[in-house]
Amino acid sequence: MESLDIKEALGRLPREVVDARNQRLLRAMDLSMKHEYLSEDLQAQQTPFRSYLRDMLALVEREKAEREALGALPLQQRTIP
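Residues numbered from 1 in each chain as written. Predicted model: local features only at pLDDT ≥ 70, side-chain atom pairs only at ≥ 80, totals over all residues. Heavy atoms only, no water.

You'll find the protein entered in an unreviewed UniProt entry as Cytochrome b-c1 complex subunit 7, with Ambrosia artemisiifolia given as the organism. The Subcellular location (unreviewed entry) field of the UniProt record for the protein holds the comment "Mitochondrion inner membrane". (UniProt positions renumbered as here; feature names shortened; annotations may be inferred.)

This paragraph deals with the environment of Asp55. For Asp55, the location among the structural elements is in helix α4 (residues 54-70). The class for Asp55 is exposed, based on a relative accessible area of 63%. Taking C-alpha positions, Asp55 is 30 Å from Glu40, a pair spaced 15 residues apart along the chain. (Helix = DSSP H or I, 4+ residues; strand = E, 2+ residues; numbered from the N terminus. Buried < 20%, exposed > 50% of the residue type's maximum accessible area, 1.4 Å probe, protein only.)

Right, let's talk about the pattern of salt bridges for a bit. Here the structure, examined in full by the defined rule, presents 5 salt bridges. A salt bridge links Arg12 to Glu8; its shortest N-O distance comes to 2.9 Å. Within this pair, Arg12 and its partner Glu8 are both found in helix α1 (residues 4-12), separated by 4 residues, close to a single helical turn. Classification of Glu8 as partly exposed rests on a relative accessible area of 23%. (Salt bridge = Lys/Arg side-chain N within 4 Å of Asp/Glu carboxyl O.)

Turning our eyes to something else, we now look at helix α2 (residues 15-34). Between its first and last C-alpha, α2 extends 29 Å over 20 residues, near the 28 Å set by a 1.5 Å rise per residue. Immediately downstream of α2, the backbone of His35 shows phi near 55°, a positive value. (Expected span 1.5 Å × (residues − 1).)

When the pLDDT values of the protein are averaged, the result is 87; 90% of them are 70 or greater. Per-element mean pLDDT across the protein ranges from 89 in helix α3 (residues 40-45) up to 94 in α2. (pLDDT = per-residue confidence, 0-100.)

Tracing the chain through its elements places Arg21 in helix α2. Owing to a relative accessible area of 15%, Arg21 belongs among the buried residues under this scheme.

A few words on the packing of α1 against α4. In a packed pair of helices, the relevant descriptors are the angle between the two axes and the axis-to-axis distance. Between α1 and α4, the least distance of the axes is 9 Å, while the angle of their chain directions is 120°. Taken together, the axis directions place α1 and α4 in an arrangement best described as oblique. The handedness of the crossing between α1 and α4 comes out as right-handed. Across the interface between the two elements, Asp5, Ile6, Glu8, Ala9 and Arg12 from α1 touch Met56, Leu57, Leu59, Val60, Glu61, Glu63 and Lys64 from α4. Per-class residue counts for the contact of α1 with α4 are 6 nonpolar, no polar and 6 charged. (Axes fitted to C-alpha atoms, helices over the stretch in contact; angles between N-to-C directions. Parallel < 35°, antiparallel > 145°, perpendicular 65-115°, else oblique. Left-handed = near helix turned anticlockwise from the far one by under 90°. Contact = heavy atoms within 4.5 Å. Nonpolar A, V, L, I, M, F, W, Y, C, P; charged D, E, K, R; others polar.)

Okay, structure coming up:
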């Protein structure tokens, strides 16, 4: 499950980063259903400790804390009149 902060951070990332994430998730689910492992050559290409979401998520959380400090509504509760 994704929190609202994660959804906001994903929405701010470039489209190709989000598409690559979705492709990895689909491949993981497919391999899990088949009870198979990722091939050795694809495993060698993976970079599991490179975070693509951490920086954007930190920015969203800082903005959320700033809004709360200023007494504004959270981003997810704002409405446009």
